[in-house]
Amino acid sequence: MTGAMPTVALVGNPNAGKSSLFNALTGARQKIANYPGVTVERKGGHASFSDGRPLALVDLPGSYSLTPSSPDEAVTRDVVMGRQQGEKRPDALIIVVDAANLDNHLCFALELIALGLPTVVALNMLDLATRDGLTLDPDRLAAELGVPVVPTVAVRRRGLTDLLAAVDGAILSHQTQAAPAAAAPQGDASLHQRARTVARAATIAETPVRRWTQRVDAVFLHPVAGFLILLGLMFVMFQAVYAWSEAPIGWIEGGIGALQEMVVGTLSDGFLRGLIVEGILGGVGSVVVFLPQILILFLFILLLEASGYMTRAAFLMDGIMAKVGLSGRGFIPLLSSFACAVPGIMATRAIPDAKDRLTTILIAPLMTCSARLPVYTLIIGAFIPNRSVGGSPVGLQGLVLFGLYVAGIVGALVVAFALRRTIAKGSTASFMMEMPRYQWPRIADVAIALWQRAWIFLRRAGTIIFVTTIALWLLLSYPKAPADGGESQVEYSVAGRIASGLEVVVKPIGFNHDIALALIPAMAAREVAVSAMATANAIDAGDDEEAMAESLGERLQGKWSIATALAFLAWFVFAPQCISTIAITRRETNGWKWPLFMVGYLFALAYAAAGITYWTAVAFGLG
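Worth saying up front: this structure is predicted, and the values here are computed from it rather than measured.

Our next topic: the overall build of the protein chain. Helix and strand counts for the protein chain stand at 28 helices and nine strands. In terms of its C-alpha atoms, the protein chain occupies a principal-axis envelope of roughly 110 × 50 × 45 Å. Buried positions account for 52% of the 623 residues belonging to the protein chain. If you take every contact in the protein chain between residues at least 6 apart in sequence, the share linking residues at least 24 apart comes to 72%. For the protein chain, the centre of its 47 positive side-chain charges and the centre of its 46 negative side-chain charges are spaced 9 Å apart.

This next bit is on the state of the cysteines. The tally for this structure, following the rule as stated, stands at zero disulfides. Left without a disulfide partner, Cys340 is nearest to the cysteine sulfur of Cys578, which lies 5.8 Å away.

Its boundaries defined by the atoms lining it, the second largest pocket holds a volume of some 1,100 Å³. Around the second largest pocket sit 48 residues that line it, and Ile249, Glu253, Ser551, Leu552 and Gly553 are the ones nearest its centre. Contributing elements (two or more residues each) for the lining of the second largest pocket: helix H9 (225–243), helix H10 (246–266), helix H11 (271–288), helix H17 (373–383), helix H18 (396–419), helix H23 (528–541), helix H24 (545–549) and helix H25 (552–557). In the lining of the second largest pocket, the residues fall into 20 nonpolar, 19 polar and nine charged.

The next subject is the pattern of salt bridges. Applying the stated criterion across every chain, the model contains 16 salt bridges. With a shortest N-O distance of 3.2 Å, Lys88 and Asp91 are connected by a salt bridge. According to the relative accessible area criterion, Lys88 is partly exposed, its value standing at 41%.

Under the definition given, this model contains 14 aromatic pairs. Ring plane angle 85° and centroid distance 5.7 Å describe the contact between Trp594 and Phe597, whose orientation is recorded as edge-to-face. Here the residue Trp594 and the residue Phe597 both occupy positions in helix H28 (residues 593–619), the gap between them amounting to three residues, near one helical turn. Among the aromatic residues, those joined into a ring-pair cluster are Phe383, Phe511, Trp560, Phe568, Trp571, Phe572 and Phe603. Arg497 extends its terminal NZ or CZ atom over the ring of Tyr492, reaching a point 4.6 Å from the ring centre.

Let us now look at the side chain of Glu73. Here Glu73 lies in helix H2 (residues 71–81). Of the side chains bearing the opposite charge, Arg77 lies closest to the buried Glu73, which forms no salt bridge; the N-O distance is 9.2 Å. Only 3.0 Å separates the side chain of Glu73 from the backbone nitrogen of Tyr64, close enough to count as a polar contact. Residues within four places of Glu73 in sequence aside, it is in contact with Gly62, Ser63, Tyr64, Ser65, Thr67 and Pro68.

Turning to unusual backbone geometry, a few remarks are in order. Across the junction of Tyr478 and Pro479, the peptide omega takes the value -10°, indicating a cis bond. Within the chain, Met125 stands out as a residue other than glycine whose phi angle is a positive 55°. You can see Met125 is positioned in the loop between strand E6 (119–124) and helix H4 (126–131). If you check the backbone angles, Arg157 has positive phi at about 60° while not being a glycine. Here Arg157 shows up in the loop between strand E8 (149–151) and helix H6 (160–176). Owing to a relative accessible area of 54%, Arg157 belongs among the exposed residues under this scheme.

With that settled, consider the nonpolar core. Membership of the largest hydrophobic core comes to 125 residues, with the highest contact counts inside it found for Phe511 and Phe568. Non-local contacts of Phe511, meaning those with residues more than four positions away in its chain, are made with Glu503, Val506, Leu519, Ala567, Phe568, Trp571 and Ala610. One finds Ala99, Ala100, Leu134 and Leu141 within the second-largest nonpolar core, a separate group that totals 39 residues.

As a further point, take helix H16 (residues 354–363). Among the 10 residues of H16, eight are classified as buried, and the element is accordingly described as predominantly covered. Buried within H16 we find Asp356, Arg357, Leu358, Thr359, Thr360, Ile361, Leu362 and Ile363. Those residues of H16 hidden inside the fold are in contact with helix H14 (331–336), helix H15 (341–346), H18, helix H27 (579–589) and H28.

This part is about the pairing of strand E3 (residues 41–48). With six bridges joining them, E3 and strand E4 (residues 54–59) adopt antiparallel strand pairing. Its bridge partner lying in E4, Lys43 is registered against Asp59. Counting the residues in the hairpin turn of E3 and E4 gives five residues, including Gly52, whose phi is positive at 95°.

What follows is about the packing of H10 against H11. H11 packs onto H10 with a crossing angle of 175° between their chain directions and a minimal axis gap of 10 Å. As judged from the angle between their axes, H10 and H11 are roughly antiparallel. Residue-level contacts link Ile252, Ile256, Leu259, Gln260, Val263 and Val264 of H10 to Arg273, Ile276, Val277, Leu281, Gly282, Gly285 and Val288 of H11. When grouped by side-chain class, the residues that make up the contact of H10 with H11 number nine nonpolar, three polar and one charged.

As a further point, take the environment of Leu93. Mapped onto the fold, Leu93 is located in strand E5 (residues 92–98). Classification of Leu93 by relative accessible area gives buried; the value is 1%. Here the alpha-carbon distance between Leu93 and Val8, two residues 85 residues apart in the chain, equals 5.5 Å. Excluding its chain neighbours within four sequence positions, the residues that come into contact with Leu93 are Val8, Ala9, Val80, Leu112, Leu117, Pro118, Thr119 and Val120.

Turning next to a nonpolar patch on the surface. A contiguous nonpolar surface patch, about 370 Å² in accessible area, is contributed by Phe271, Leu272, Leu474 and Tyr478. In this fold, Phe271 is placed in helix H11. Under the relative-accessibility criterion, Phe271 is labelled partly exposed at 45%.

Relative to the helices and strands, Leu569 resides in helix H26 (residues 562–574). In this structure the C-alpha to C-alpha distance between Leu569 and Lys355, which are 214 residues apart in sequence, comes to 31 Å. Leave out the neighbours within four places in its chain, and Leu569 touches Val375, Tyr376, Ile379, Ile380 and Leu404.

Let us look at the side chain of Ser63. Of note, Ser63 is situated in the loop between E4 and H2. Dropping the residues within four chain positions of it, Ser63 is found in contact with Gly12, Asn13, Pro14, Asp72, Glu73, Thr76 and Phe108.

Mapped onto the elements, Ala524 comes out in the loop between helix H22 (513–519) and H23. Assessed through its relative accessible area of 21%, Ala524 is described here as partly exposed. Leaving out residues up to four positions away in the same chain, Ala524 has contacts with Ile464, Thr468, Cys578 and Ile579.

Attention now moves to the confidence of the model for the protein chain. Considering every residue of the protein chain, the mean pLDDT works out to 85; 91% of them sit at 70 or more. Counted against residues more than four places away or in other chains, residues 179–184, with its pLDDT under 50, gives seven contacts.

Reading guide: rules and limits
Residues numbered from 1 in each chain as written. Predicted model: local features only at pLDDT ≥ 70, side-chain atom pairs only at ≥ 80, totals over all residues. Heavy atoms only, no water. Helix = DSSP H or I, 4+ residues; strand = E, 2+ residues; numbered from the N terminus. Buried < 20%, exposed > 50% of the residue type's maximum accessible area, 1.4 Å probe, protein only. Contact = heavy atoms within 4.5 Å. Lys, Arg positive; Asp, Glu negative; His and termini not counted. Charge placed at Lys NZ, Arg CZ, Asp CG, Glu CD. Disulfide = S-S within 2.5 Å. 1 Å grid on protein atoms, 1.4 Å probe; cavity = no way out; pocket = protein on both sides within 12 Å on 5 of 7 lines; lining within 4 Å. Points joined across faces, edges and corners; volume = space filled by probe spheres on them. Nonpolar A, V, L, I, M, F, W, Y, C, P; charged D, E, K, R; others polar. Salt bridge = Lys/Arg side-chain N within 4 Å of Asp/Glu carboxyl O. Phe/Tyr/Trp six-rings, centres within 6.5 Å; stacked < 30°, edge-to-face > 60°. Lys NZ or Arg CZ within 6 Å of the ring centre and 35° of its normal. Polar contact = N/O pair within 3.5 Å; in protein donor to acceptor, adjacent residues only side chain to side chain. Core = buried A, V, L, I, M, F, W, Y, C linked by side-chain atoms within 4.5 Å. Pairing = 2+ DSSP bridges. Axes fitted to C-alpha atoms, helices over the stretch in contact; angles between N-to-C directions. Parallel < 35°, antiparallel > 145°, perpendicular 65-115°, else oblique. Patch = residues over 30% accessible without salt bridge, like charges linked within 9 Å, V, L, I, M, F, W, Y side chains within 5 Å. Areas by Shrake-Rupley, 256 points an atom, 1.4 Å probe, with all protein chains shown as cover. pLDDT = per-residue confidence, 0-100.

What follows is the structure in structure tokens.
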């Protein structure tokens, strides 16, 4: 082999800086193709030793183990074992490890070292580890591993000359000595224990902050305790949505009621007064009152993101998502969909696998967006008693809201499981997340983000909801019902007659005329369901001051059964979201096939869920 150009493979965990090191060593001398028979990218290039002798470099796909769980990992395993078609076995390995994550990265490194090839470890991103308070001893690490260790900072081209010199020395030593027998890789548990032992031995100093972070993460990232903590935080968040919002909602309702009374006392009966009292204040105002609850929900989300916890939540959910065939890359788009499905669907562009991305798009509407919150809180406030559960400090209303959010998440996972095994069949890609440092959220940043969220909501109320509500008010107000006709104005109107036709379809699942009336305009925006019911009830109430003084929830209590209310909540867990969501799905999938499929399956799920809920509730005497 003397005189032949050696081939050196760069190998290591994802996010170790391996590609940055490859680029620094090869510069523009690279060639990218696919491995024969698979759609896995092959990156090759050339570099030179200090005396000008050339060497070939191969950047292998990031892997966690020699036991592959993806096509990428299978290629890495086959190349280093000499089994890959059309690829010679490397003459040496450069194992790239992240200095700040030795415990994790050394597991794979120990497997690779056991193969017996000439090996050098590149202790990469050492500057970031030092910045975070971690001081390592490369010589002690080399002694523990039995191979040379060279500190590198690939992005700044530091340590490259020393690294190539160590590789040259390892190859020369291997050629002049009998090759050592390859050690059998240890079991998974013993590998992890050995990796922790080596990492501790190579650590000179570690700041208290870093040790504190590791101890906290040991709890927050625990597969059982961490998941229970996540559920607990979500539970507290939904309890607060009710407990903290009661007073500000009362203030807004009182203000809207005072404005209605002022308009009634100022304007004579007619078109303008009806438009303002019943359409604008009665319809749009019924949605604006839920602003405090939406801001409380986003306050918690912003605090969790700014503190560094939300990435930990993504890590916990990654394991669950993998079981249903989704990549952890889909967590952020799905998390974004809790605010609105439109940016969530757009965020799926970061998912490289086409079928994985399609699945994430199709289940994004099942995440409970902020537009559903007014519907949920209206019905829960009207029909679920405001009391504690079993004498505990847990409120029943917050518990039901928590259950609705969980139902949406579980529904999304079940649908994803079905899609990934039928129309979107494919393998699940692995995903590596870098954990940010814990930090106190900046109050100014949180306040600005809350103000932006409030402005978005109010702008939506002043545009989409306003226009839809006014259009609905006109359809509910005309033609005018005869004074002695026996029908109410709502039933006699154009909108009322359309709702009567739809009521035939939804009556088997417990829906009444009010709900049938609200379903069609709710396709423009979820919140319009509330304004639609408020407008219809305001028109029916007319100038009845006693009826005007009642909240929308109080009016619904006398017209709906609890079974109908529960069925309506179940419908909104699964029903298709607004027209904007359908439009963005069409744009992101380049056609109408998948948006129509999405609308169809969501309507089917919503109808089935509402029906099962209604029939079950009736069976328990709640009809």
